[in-house]
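# Structural overview
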Amino acid sequence: MDKDENGPKTPQRQTVALPITISSLSLRHGVYDYVRRQILTGPIRDQGKWWRSEEEGRLKNEWKAREGVKKWQRWGCCQVTPAMIIYDLPKAYRLKSTLTINDHNIATILSKDPEEANTLQPTRVVGTIRTIRNQKRHSFVEIGDGSTPRSLQALLEPHHAEGLSRGALVALTGQWQRCPPDKEQEKELRVEEVSVIGPTDADRYPLPKKIHSTDSLRTIPHLRLRTPLHALLARLRSECDYHLASYFRDHGFIRLQPPIITSSDCEGAGEVFTVSQNAAANNYDGKDDSPTQGAGHFFRESKYLTVSSQLHLEAYMSEHAKVWTLSPTFRAEKSDTSRHLSEFWMLEVEFRTESLSEVVSQVEDMLKMLVKNLRTTCVVQEMLTLKRRDGIEDIEAGKEAASLISRRWAELTERPWPRITYSEAIDELEYAARSGTAQFKHRPSWRSGLQFEHERHIATIFGKGSPVFVTHYPQEIKPFYMLPTSTSSSYPSDQQATAACFDLLLPDGCEVVGGSLREHRLEHLSQAMRRTHLNAPKRKHDSSNADISPSTDSGNMEWYIDLRRYGSVPHGGFGLGFDRLLGYLAGIPSIRDVVPWPRYFGRCDC
């Protein structure tokens, strides 16, 4: 007991706020009895000044009427407000002063058996209203929260449903129970309390009940994220990121964060976005030799959004044997196909090796591990059971999409992936064109590379449902940094010269991975850069690295040459189109419907 000048004090007390809203729910379903037994056990100070409102007084009177004034006085004191119940308890009862309402996501609630639920504690769920059906005696609301494509059905009294509309974010509290045996729905939430967290304008809500086309959804990317399919894609993306990071960590790789703004075009194709502080900088042609040259540029000269992190990852090869990253890349390619974006994510890997086969095997092992681990998650099953996808209203079409996904996942892991050379691929394409077994818009030839229609044919013939590796493409159609297949001479003039490289082709898809051994020899790399008209150091003699002097030009690739000039190591790597892979796994034909915020030629909403 504490004392003061006026005499002894009552025991030290603690005010505890319990998240129970005042309603009939507080006196029903055993909540009152639970509170009485577990909490109210202290001395009492029943002060009428605490009961300030009509509702507070009503609740006090109900409690007194139920147990009698004497018991009321014997149990303890409490202060009640319209928002919560606040208990003034002695210090000795602090550990007992907890009463939490179950607040789980919808996926957890749907998996719960009502018979196993704690009847003393109501179930509370927060989500967005997907549909609402008002009837004479009841209202039925389906809500979702992104944790599962399935909706939770809630049964409401008509007065609870007043003012509710599709798209509103609500908190529903009630009892999780089984539906009557003759109903299609097995379980539902019988709601006794509704709280509108985020109201919406029902007349202007842009996602009506009917299924939208994918084209119209692309115009509102910030709202299409609320659809079941895109919520599922977000979780699939998260799971893939997690399992890939775990794989690389287990295999000794270090994750890095390369820059977004760069001074070079990695591929040498010129399809880059220039970084500018203002529009005037874009008009600078680089011909002015005055002291104000480059004044319009924030970085004094042209810089770009990265098209690949490969070159920067190579800078770590002298200190780290294995590195990787998953980062955004940008291409200013004016392509209007379903396979291309201006902003997308790339998984890029570099490690020390002298074997192209080792790089190819690394890709196959990584992707098979990813698919195997994803099968252990609920995401895969949810994709297979999602009957109604965005843009697919027919149930049979949904089942067909599920069958396609199931077949793809099985083919990724059932057997080793075939490996063929570029020459073998061209021979097959030419034979198919001559024999009439296939018709191509683009005539296959050695020097023209593989078009999308060629890749699909190759994946069908050689892969027979599984992915196919195509290796040793012509040197002249590949980037400057790739190591020649034959390293006995430097970039021979032979038109049949090939690079130690590969692409991974997916059936029903396109190229999703590209990789190679990197040119680690200074003189040969310099020669390749000059061949592709990139700035490179000037060669004095043909003897040693010491005879390769830095360029006097203010080029933007000098730093990359330094990686060879000051010690290098044989290495290779690959880049994987992360969004393309997700689209293939999810059975979505257009990459624009895979990424949350699609940016492509002519469109960059939000």
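Higher on the page you've got the structure.
The following paragraphs examine the structure supplied in this document. Computed from a predicted model, the values in this text were never measured in an experiment. (Residues numbered from 1 in each chain as written. Predicted model: local features only at pLDDT ≥ 70, side-chain atom pairs only at ≥ 80, totals over all residues. Heavy atoms only, no water.)

## Details of the overall build of the protein chain
The helix and strand inventory of the protein chain stands at 16 helices and 24 strands. At a minimum sequence separation of 6, the contacts of the protein chain that also span at least 24 residues come to 70%. Carbon together with sulfur atoms contributes 49% to the accessible area of the protein chain, which is approximately 30600 Å² in total. (Helix = DSSP H or I, 4+ residues; strand = E, 2+ residues; numbered from the N terminus. Contact = heavy atoms within 4.5 Å. Areas by Shrake-Rupley, 256 points an atom, 1.4 Å probe, with all protein chains shown as cover.)

## Focus on the packing of helix 7 (residues 228–250) against helix 10 (residues 378–385)
In a packed pair of helices, the relevant descriptors are the angle between the two axes and the axis-to-axis distance. For the pair helix 7 and helix 10, the least separation of the axes is 10 Å and the interaxial angle reads 150°. Between helix 7 and helix 10, the angle is such that the two are roughly antiparallel. Helix-helix and strand crossings are classified by hand; for helix 7 and helix 10 the assignment is left-handed. Of helix 10, the residues touching helix 7 (which contributes Leu232, Arg235, Leu236 and Glu239) are Cys378, Val379, Glu382 and Met383. A breakdown of the residues in the contact of helix 7 with helix 10 according to their chemical character gives five nonpolar, no polar and three charged. (Axes fitted to C-alpha atoms, helices over the stretch in contact; angles between N-to-C directions. Parallel < 35°, antiparallel > 145°, perpendicular 65-115°, else oblique. Left-handed = near helix turned anticlockwise from the far one by under 90°. Nonpolar A, V, L, I, M, F, W, Y, C, P; charged D, E, K, R; others polar.)

## As for the sheet that holds strand 24 (residues 571–577)
Spatially, the eight strands line up as an open sheet ordered 12-16-17-24-21-20-19-18, and their pairing is mixed. Where the open sheet ends on each side, the last strands, each with one partner, are strand 12 (254–255) and strand 18 (419–421). Pairing between strand 18 and strand 19 (residues 468–471): three bridges, direction parallel. Bridge pairing in strand 19 places Ile420 opposite Val470. Packing of helix 12 (residues 422–435) onto the sheet brings it into contact with strand 18 and strand 19, and relative to strand 18 it is tilted by some 80°. (Pairing = 2+ DSSP bridges.)

## Comments concerning the side chain of Thr377
Tracing the chain through its elements places Thr377 in the loop between helix 9 (356–374) and helix 10. There is a polar contact of 2.7 Å between the side chain of Thr377 and the backbone oxygen of Leu374. (Polar contact = N/O pair within 3.5 Å; in protein donor to acceptor, adjacent residues only side chain to side chain.)

## Things to note about helix 13 (residues 452–463)
Taking 1.5 Å per residue as the helical rise, helix 13 with its twelve residues ought to reach 16 Å, and the 16 Å between its terminal C-alpha atoms agrees with that figure. Among the structural elements, strand 18, helix 12, strand 19, strand 20 (501–505) and strand 21 (511–517) are those in contact with the buried residues of helix 13. At the C-terminal side of helix 13, Lys464 shows a positive phi close to 50°. (Expected span 1.5 Å × (residues − 1).)

## Topic: the pairing of strand 7 (residues 123–134)
Relative to strand 10 (residues 169–178), strand 7 is paired through six bridges, and the arrangement is antiparallel. Counterpart to Val125 in the pairing with strand 10 is Leu172.

## Points about the side chain of Ser147
As for its placement among the helices and strands, Ser147 is situated in the loop between strand 8 (139–144) and strand 9 (152–156). Here Ser147 falls in the buried class, since its relative accessible area comes to 14%. A polar contact of 3.0 Å, which involves the side chain of Ser147, links it to the backbone nitrogen of Ala107. When near neighbours in sequence (up to four residues on either side) are disregarded, Ser147 contacts Asn105, Ile106, Ala107, Arg235 and Glu382. (Buried < 20%, exposed > 50% of the residue type's maximum accessible area, 1.4 Å probe, protein only.)

## Digging into the sheet that holds strand 15 (residues 303–305)
Taken in spatial order, the three strands line up as 13-15-14 in an open sheet, and their pairing is antiparallel. The open sheet has two edge strands with one neighbour each: strand 13 (261–262) and strand 14 (274–275).

## Some remarks on the nonpolar core
Soluble globular proteins tend to bury their nonpolar side chains together. One finds Leu236, Leu347, Met366, Phe502 and Phe574 to be the most contacted residues of the largest nonpolar core, which totals 51 residues. Broken down by element, the residue count for this core peaks at ten residues, all from helix 9. With residues up to four places along the chain from it excluded, the contact list for Leu236 reads Leu374, Val379, Met383, Leu582 and Ala586. Listed in part, the 33 residues of the second largest apolar core include Cys266, Val272, Trp446 and Tyr481. (Core = buried A, V, L, I, M, F, W, Y, C linked by side-chain atoms within 4.5 Å.)

## Section: the pattern of salt bridges
In this structure the tally under the stated criterion is 20 salt bridges. A salt bridge links Asp241 to Arg255; the shortest N-O distance between them is 3.5 Å. Taken as a pair, Asp241 in helix 7 and Arg255 in strand 12 lie far apart in primary sequence, 14 residues in all. Of the residues examined, Asp241 reaches a relative accessible area of 27% and is grouped as partly exposed. Across the salt bridge formed by Arg518 and Glu350, the nearest N and O atoms sit 2.6 Å from each other. Taken together, the positions of Arg518 in the loop between strand 21 and helix 14 (522–531) and Glu350 in strand 17 (residues 343–352) put the pair 168 residues apart, joining distant regions of the chain. (Salt bridge = Lys/Arg side-chain N within 4 Å of Asp/Glu carboxyl O.)

## Focus on helix 14
Where helix 14 is concerned, the buried positions are Leu522, His524, Leu525, Ser526, Ala528 and Met529. Two residues or fewer past helix 14, His533 is found with a positive phi of approximately 65°.

## Here's the deal with unusual backbone geometry
Positive phi, close to 75°, is recorded for Arg300, a residue that is not glycine. Structurally, Arg300 is set in the loop between strand 14 and strand 15. Look at His472: it is not a glycine, yet its phi comes out positive at around 55°. Within the secondary structure layout, His472 lies in the loop between strand 19 and strand 20. For His472, a relative accessible area of 24% puts it in the partly exposed group.

## Quick word on the environment of Met557
Its place among the elements puts Met557 in the loop between strand 23 (548–549) and helix 15 (558–565). Between the C-alpha atoms of Met557 and Ser264, which are 293 residues apart in sequence, the distance is 6.4 Å.

## Overview of the packing of aromatic side chains
Scanning the entire structure with this criterion turns up twelve aromatic pairs. Consider the rings of Tyr422 and Tyr473, whose centres lie 4.9 Å apart with planes at 40°: the pair is tilted. Linking Tyr422 in helix 12 with Tyr473 in the loop between strand 19 and strand 20, this pair joins segments that are 51 residues apart in sequence. As far as burial versus exposure is concerned, Tyr422 and Tyr473 are alike and both buried. Where Trp559 meets Tyr560, the ring centres are 5.9 Å apart and the plane angle is 70°; that geometry is what we call edge-to-face. Grouping aromatic residues by their ring pairs yields a cluster made of Tyr247, Phe248, Phe253, Trp324 and Phe351. Above the ring of Phe452, the side-chain terminus of Arg339 is found at 4.0 Å from the ring centroid. (Phe/Tyr/Trp six-rings, centres within 6.5 Å; stacked < 30°, edge-to-face > 60°. Lys NZ or Arg CZ within 6 Å of the ring centre and 35° of its normal.)

Honestly, that's just the spatial picture; any functional story needs more than this.
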